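This is what each chain is made of:
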Amino acid sequence: MPVVRIFSKVAKQALLSTPGCGCQPLTVAVRNISFSPRQVTSDASFHSVSFSETDHPKVLITGTYEASGFGLLQKRYGKNNVILSDIRKPQNSIFHSGPFIYSDILDYKNLREIVVNNRITWLVHYSALLSAVGEANVALARSVNITGLHNILDIAAEHGLRLFVPSTIGAFGPTSPRNPTPDLCVQRPRTIYGVSKVHAELMGEYYHHRYGLDFRCLRYPGIISADSMPGGGTTDYAVQIFHDAIKTGKFECNLRPDTRLPMMYIDDCLRATLEVMEAPAETLSMRTYNINAMSFTPEELAQELQKQMPELEVTYEVDPVRQAIADSWPMNFDDSNARNDWAWKHDYDLPELVQTMLNFFGSETRMARFN
């Protein structure tokens, strides 16, 4: 799930509080904000807030429906300092994990009220339609992924927020070098999701250079999380296989067995996001970085899983739409700049990933299914 939905588990990542509803009461927002990038002069300058060790950022995360893994952020910054938000009713696990409020990224007034009323200092923007879902509804994807982003950029610049927007392997296309794919190269994606993410990268960097917006972006590989359901991404097979293995002992993959794509466990994804958000600005040689952990095929993942669950049956029924998307994406990411600039280092390789996912579901469930 190149996305995350994850800060799609992010897709676990950075995101108001009273008993019962989990959100602080909203009051009437002050309307006399004096500027925004929609009306600023060319020499305007914005500055992000700096934080002491005892003054944690107040983080708003957009797009947390069916997402998980934000506990790391809540633990680091304080439960009430990480505010989850979406336009849909959250899962119980999200609702009870900390503050949650309604936010619509297409409603500029709503976003401004949330930022002002809750004294937001960091904004983590996950709201997006993913690759396959976006291809099925291009108009909606264009509205959410591009128009929504413009609102986020203007709000962040107007209020001096530090802004994180995830990008994806889908930001590259068939003319990009695939193995490995460097940070800077030709980007000609062929999905509306990929096009919108290239747009996000370039607009974020433009706002950084033009307005001084503290914009930070990571290109996520496919993100694998145990406690969130697949959501229409091309790499979501790598999550679905675990759910199907536990429930039925059978899995039908919609990609060819030899389709190699870069992947990452959610804990690594969240930690990378925290690290780049906390990195001193002077250490960042660029504003958009590749990050990587492992690269594998469906066949390699199935073989590793079958070491623990030999009864698992895997078949392949290729979806031509998803396969065409996967064939245009990187096979492996070059993330040397992230490793050099802010000491990025992943913890999970394929064996650790499989063991961690199975541990999450529990050995008793597996034994009950196959005994």
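These numbers were taken from a predicted model, which means no experiment stands behind them. (Residues numbered from 1 in each chain as written. Predicted model: local features only at pLDDT ≥ 70, side-chain atom pairs only at ≥ 80, totals over all residues. Heavy atoms only, no water.)

Draft legend 1. The arrangement of the overall build of the chain in detail. The secondary structure content of the chain amounts to 13 helices and 13 strands. Carbon and sulfur atoms make up 51% of the accessible area of the chain, which totals about 15,200 Å². (Helix = DSSP H or I, 4+ residues; strand = E, 2+ residues; numbered from the N terminus. Areas by Shrake-Rupley, 256 points an atom, 1.4 Å probe, with all protein chains shown as cover.)

Draft legend 2. Molecular detail of the sheet that holds strand 10 (residues 261–265). An order of 8-10-12 is seen for the three strands of this open sheet, with the pairing classed as mixed. Both outer strands of the open sheet, strand 8 (222–224) and strand 12 (294–296), are each paired with one neighbouring strand and no more. Strand-to-strand twist across the sheet, computed as the mean angle between neighbouring axes with direction ignored, equals 45°. Contacting strand 8 and strand 10, helix 8 (residues 266–278) crosses the sheet at an angle of about 85° to strand 10. (Pairing = 2+ DSSP bridges. Axes fitted to C-alpha atoms, helices over the stretch in contact; angles between N-to-C directions. Contact = heavy atoms within 4.5 Å.)

Draft legend 3. Main features of the pairing of strand 9 (residues 250–253). Of the two faces of strand 9, the one lined by Phe251 and Cys253 is fully buried and the one lined by Lys250 and Glu252 carries no buried residue. Relative to strand 13 (residues 313–316), strand 9 runs parallel, the two sharing four bridges. Paired with Glu252 across the two strands is Thr315, which belongs to strand 13. (Buried < 20%, exposed > 50% of the residue type's maximum accessible area, 1.4 Å probe, protein only.)

Draft legend 4. Up close: the pattern of salt bridges. A complete count under the given rule lists 16 salt bridges for this structure. For the salt bridge of Glu278 with Arg76, the shortest nitrogen-to-oxygen distance reads 2.5 Å. You can see Glu278 sitting in helix 8 and its partner Arg76 sitting in helix 1 (residues 71–77), a full 202 residues away along the chain. Where Arg216 meets Asp214, a salt bridge forms, and the shortest distance between an N and an O atom there is 2.9 Å. Shared partners join several salt bridges into a network, and the residues in it are Arg162, Asp214, Arg216 and Arg287. (Salt bridge = Lys/Arg side-chain N within 4 Å of Asp/Glu carboxyl O.)

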